[in-house]
Amino acid sequence: MATIEECRSALDRLATNLAGADGDLRSAAALDRSLSCHITDLATTFVGRLAGGRITDVTTLAGPPTDRAEIRLSMTGDDLVALVDGELNFARAWASGRVNLEAGFRDLLRLRKLL
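Undergrad: Quick one: what's the story with a negative patch on the surface, residue by residue and with numbers?
TA: A cluster of acidic side chains, namely E5, E6, D41 and D78, defines a negative patch on the protein surface. Following the sequence through the fold, D41 ends up in the loop between β1 (33-39) and β2 (44-51).

Right, here's the structure in full:
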């Protein structure tokens, strides 16, 4: 089971990857939205902001998210690490229910380029 530190490290790597993206990936990540990632098996939520193709202001909260972010992810710590490491396909994980993504319809259309 992934630790909170491993999950935080995975989110930092994801933030770095998004910041270095270009083309369609960069434009898909160029939203300005609040973001939460609930790690179900650790009862921990990371909250931050997706802005200008970067994930910023990430903080850690105990339990489920207290506020409703505009983009909400929910998964196990192992799945987060596997997604960021490229070992788990996001679209398949989402379709099978391993990863939950909630966002507005327009945001989902833009975010699908990241999948």
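Undergrad: So what about the pattern of salt bridges? Which residues, and what values?
TA: In this structure the tally under the stated criterion is seven salt bridges. The partner of R13 in a salt bridge is D85, with the nearest N and O atoms 2.8 Å apart. Taken together, the positions of R13 in helix α1 (residues 4-19) and D85 in the loop between α3 (77-84) and α4 (90-96) put the pair 72 residues apart, joining distant regions of the chain. For R13, a relative accessible area of 31% corresponds to the partly exposed category.

Undergrad: Outline α1, supporting the account with residue identities and numerical values.
TA: Here α1 spans 22 Å end to end across 16 residues, near enough to the 22 Å set by a 1.5 Å rise per residue. Of all the residues in α1, the buried ones are C7, A10, L11, A15 and L18. All buried residues of α1 fall inside an arc of 140 degrees around its axis, so they share one side. Every exposed residue of α1 that faces more than 90 degrees away from the buried side is listed here: E5 and T16.

Undergrad: Now, about the nonpolar core: what can you tell me, with residues and values included?
TA: Among the nonpolar cores identified, the biggest contains 29 residues, and C7, I39, I71, L73, M75, L80 and V99 are the most heavily contacted of them. Secondary-structure elements contributing two or more residues to this core are α1, β1, β2, β4 (71-75), α3, α4 and β5 (100-103). Setting aside chain neighbours within four positions, we find M75 in contact with C37, H38, I39, T40, L80, L83, R98 and V99.

Undergrad: I'd love a proper account of the sheet that holds β4, names of residues and values included.
TA: Here we have five strands laid out as an open sheet, ordered β3-β2-β1-β4-β5, and mixed in their pairing. In this open sheet, the two edge strands, each paired with only one partner strand, are β3 (54-62) and β5. For this sheet, the mean inter-axis angle between neighbouring strands, taken without regard to orientation, is 15 degrees. As paired elements, β1 and β2 share seven bridges and run antiparallel to each other. Its bridge partner lying in β2, R33 is registered against L50. Packed on one face of the sheet, α1 meets β1, β2 and β3 and runs near 165 degrees to β3. Set on the sheet, α3 makes contact with β1 and β4; between it and β4 the angle comes to about 110 degrees.

Undergrad: So, unusual backbone geometry: which residues are in play, and what are the values?
TA: The phi angle at A43 is positive, at roughly 50 degrees, despite the residue not being glycine. For A43, the location among the structural elements is in the loop between β1 and β2. The phi dihedral of D57 falls on the positive side, at around 55 degrees, and the residue is not glycine. As for its placement among the helices and strands, D57 is situated in strand β3. Classification of D57 by relative accessible area gives exposed; the value is 64%.

What counts and what doesn't
- Residues numbered from 1 in each chain as written.
- Predicted model: local features only at pLDDT ≥ 70, side-chain atom pairs only at ≥ 80, totals over all residues.
- Heavy atoms only, no water.
- Patch = residues over 30% accessible without salt bridge, like charges linked within 9 Å, V, L, I, M, F, W, Y side chains within 5 Å.
- Areas by Shrake-Rupley, 256 points an atom, 1.4 Å probe, with all protein chains shown as cover.
- Salt bridge = Lys/Arg side-chain N within 4 Å of Asp/Glu carboxyl O.
- Lys, Arg positive; Asp, Glu negative; His and termini not counted.
- Charge placed at Lys NZ, Arg CZ, Asp CG, Glu CD.
- Helix = DSSP H or I, 4+ residues; strand = E, 2+ residues; numbered from the N terminus.
- Buried < 20%, exposed > 50% of the residue type's maximum accessible area, 1.4 Å probe, protein only.
- Expected span 1.5 Å × (residues − 1).
- Arc of directions from axis to C-beta.
- Core = buried A, V, L, I, M, F, W, Y, C linked by side-chain atoms within 4.5 Å.
- Contact = heavy atoms within 4.5 Å.
- Pairing = 2+ DSSP bridges.
- Axes fitted to C-alpha atoms, helices over the stretch in contact; angles between N-to-C directions.

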